[in-house]
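Structural description and commentary
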Amino acid sequence: MAYDLLIRGGRIVDGSGMPSFHGDVGVKDGKIAEIGKLSGPASRTINAAGLVVAPGFIDNHCHYDAQVTWDPLCSFSCDHGATSVIFGNCSLSLAPVRKGSERRLSEFLSYVEAIPMEVLDTLEFTWETFPEYLDQMDHHLGVNVGNLIGHTAVRYYVMGDDCQKRTATDDEIKEMQGLVRDGMKAGALGLSVSRNQGHFDPQGVHIPAIWADEKEIFALGDVLRDLGTGLIQSGGGNGAEMKDALMSRLSEATGRTVVYNNLGQTMRRPGQWQKHMAQVDATTAKGICAFPMCTPNRITDYFTMRNTQTFRGLPVWHPICLSSPEEMLKAYADPEVRKKLHEEAVEFKGGPAIGICSTWWDYMVVQTAALEKNKWMEGKTLGEIARAQGKDIIDAFLDLAIEEHLDTEWLHGENNVDDEAVAKILTYPNAIIGLSDGGAHVQFQSGFGFSTRLLSEWVRDKKIMSLEQAVRRLTFESAAIFGLYDRGMLRPGMVADIVIFDPDTVKPLPLEVLHDFPTGAKRIKEPAQGIHMTIVNGEVLLEDGKHTGALPGRVLRNTYYDANDA
């Protein structure tokens, strides 16, 4: 056979979890043609000696809904070996959308996922329905993209501004079901909802999906049950599952797999990850498919007090964070305001907060001080600074904010800081690894490198699992969960989504700041090392980190669409 690509002499880690082996991979017409010791002619031969040849990674939790319209690579997921990305998560899709309400729909995505509105304001909405959104996206793509239809968008489309005021009527629920049905028939990979009590709009009101009652959520899930396709994704599902088993009840009622955020170690709720695992063990033992996602990343935020979501949801602090810099400085200088902030964020008189633990000052570090006289603070926690100055937490924090005119750069990390806990979570078979949040929180953090971090820190350095297991977790497991049955393994007849990497050097590199978004807005890049080649649908997309110019990506569609419309 004459091949389009012949990858020779690599260590083939095929995604199954079985032992790796040395061999060749022949690619023809976008599919894997043969694997073994191959000798046919090829349009291009790639020498993979000393490198791993694996299925392309699946970045299973992203928010590239807007970015994909100007960035067909969905950077920087593909830099880390991702050949497919999935967005529309946490109820936040950009379709369906009524003419004239595009900006309001963008605001939900903007505030929850920290994508500047100045960037989203450049977006041209050339679609209204979800099928139109998928069809218009299905060209000029670098990576493959899978989409979930978002409950917030559906609810806002049907109910208008009432979507953030009340429960839906039976007629409104029927109309929402129709929109979900249209989206699923067009190929959406599933429905996304949200139970995350930290999901607000820019005005500080919960996003539309949070206003839905169980009746509405289950009714929308019934559409997927009737069609026999797709999964249900939920933002903030961990709290709902721990409270009253909502995620597993939803899966049991609809017969569809539910994936939700997230299983992780957090200083906000010490020990909860073990209780969460026990809960999942009990439901999976009954044959219920409700799985939490997890990540090898230490989840950290980089921020200044000009722009932070750290204190959202706190009644006194949240409105201040939404005000102008001048109003912030005035509020932070007010002794009465400081007293109230101390009561709600140090004494927690109103109860636990959403985004900070009870000793958050011990996990918040000065990254960069704006003034030379304060450089001694860099690398120190707020708690250490307060003790050194003999001040209480709020005074130390806000004195610095005022002195440096809100420009102090902070690093805040309370999640996945216990390595022993994270190792147990990553090797837990009932959790799905991923959760990069690619395209979101662009000015605060970067999770693109979840795959390269798993392969380097957790596999090569800490040896918590084999390379074969890690590749399976990054490929086949997500492909199977999301219904991408022609991807996720290297097998003849499967789509040729392939990553070639050096197992000895692969890793994420230190973060960089770029200003390459529309309007020159800032975003954080996490470069990759050791990814030699990212191949999408049989075409080389990236070679040694550089885009080849090829745009081989496609919209990934569900089994119902494949059976009825493909």
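One can find the structure itself at the top, above this paragraph.
Residues numbered from 1 in each chain as written. Predicted model: local features only at pLDDT ≥ 70, side-chain atom pairs only at ≥ 80, totals over all residues. Heavy atoms only, no water.

Judged by nonpolar contacts, the single largest core of 105 residues is most densely connected at Phe87, Tyr133, Met137, Val145, Val180, Leu454 and Phe501. The element contributing the most residues to this core is helix α6 (residues 214–227), with seven residues. Aside from chain neighbours lying at most four places away, what touches Val145 is Val68, Cys74, Val85, Phe87, Met137, Arg554, Val555 and Leu556. Listed in part, the 39 residues of the second largest apolar core include Trp317, Tyr332, Cys357 and Leu398. (Core = buried A, V, L, I, M, F, W, Y, C linked by side-chain atoms within 4.5 Å. Buried < 20%, exposed > 50% of the residue type's maximum accessible area, 1.4 Å probe, protein only. Helix = DSSP H or I, 4+ residues; strand = E, 2+ residues; numbered from the N terminus. Contact = heavy atoms within 4.5 Å.)

Attention shifts here to the packing of helix α4 (residues 151–159) against helix α5 (residues 170–185). α5 packs onto α4 with a crossing angle of 130 degrees between their chain directions and a minimal axis gap of 9 Å. Judged by the inter-axis angle, α4 sits oblique to α5. Crossing of α4 against α5: the hand is right-handed. Between α4, through His151, Val154, Arg155, Tyr157, Val158 and Met159, and α5, the contact on the second element is made entirely by Glu172, Glu175, Met176, Leu179 and Val180. In terms of residue class, the contact of α4 with α5 is made up of seven nonpolar, one polar and three charged. (Axes fitted to C-alpha atoms, helices over the stretch in contact; angles between N-to-C directions. Parallel < 35°, antiparallel > 145°, perpendicular 65-115°, else oblique. Left-handed = near helix turned anticlockwise from the far one by under 90°. Nonpolar A, V, L, I, M, F, W, Y, C, P; charged D, E, K, R; others polar.)

Another point: unusual backbone geometry. Cis geometry marks the peptide bond from Ala95 to Pro96; its omega dihedral reads 0 degrees. Inspection of the secondary structure assignment puts Pro96 in the loop between β7 (82–87) and α1 (102–113). Asn262 follows Asn261 through a cis peptide bond whose omega is -25 degrees. Its identity as a non-glycine residue notwithstanding, Ser91 has a phi of 80 degrees, on the positive side.

Here we come to the environment of Arg195. Positionally, Arg195 belongs in the loop between β9 (190–194) and α6. Since its relative accessible area comes to 16%, Arg195 is described here as buried. Counting along the chain gives 170 residues from Arg195 to Val365, while the straight-line C-alpha distance between them is 30 Å. Those residues in contact with Arg195, other than ones at most four positions away along the chain, are Ala209, Ile210, Ala212, Ile217, Ser234, Gly235, Gly236, Ala240, Leu246 and Met247. Here Ala209 takes part through its backbone oxygen, which lies 2.7 Å from a polar atom of the side chain of Arg195. (Polar contact = N/O pair within 3.5 Å; in protein donor to acceptor, adjacent residues only side chain to side chain.)

With respect to the element layout, Ala290 can be found in strand β12 (residues 290–294). Judged by its relative accessible area of 1%, Ala290 is buried. Between the alpha carbons of Ala290 and Val280 there is a distance of 7.6 Å; along the sequence they are 10 residues apart. Setting aside its immediate chain neighbours within four residues, Ala290 contacts Met247, Ser248, Ser251, Val258, Tyr260 and Val280.

Listed as buried for helix α8 (residues 246–254) are Leu246, Met247, Ser248, Leu250, Ser251 and Thr254. The secondary structure elements touched by the buried residues of α8 are α6, β10 (231–235), α7 (237–244), β11 (258–260), α9 (272–285) and β12. Of the residues one or two after α8, Gly255 is the one with positive phi, at around 70 degrees.

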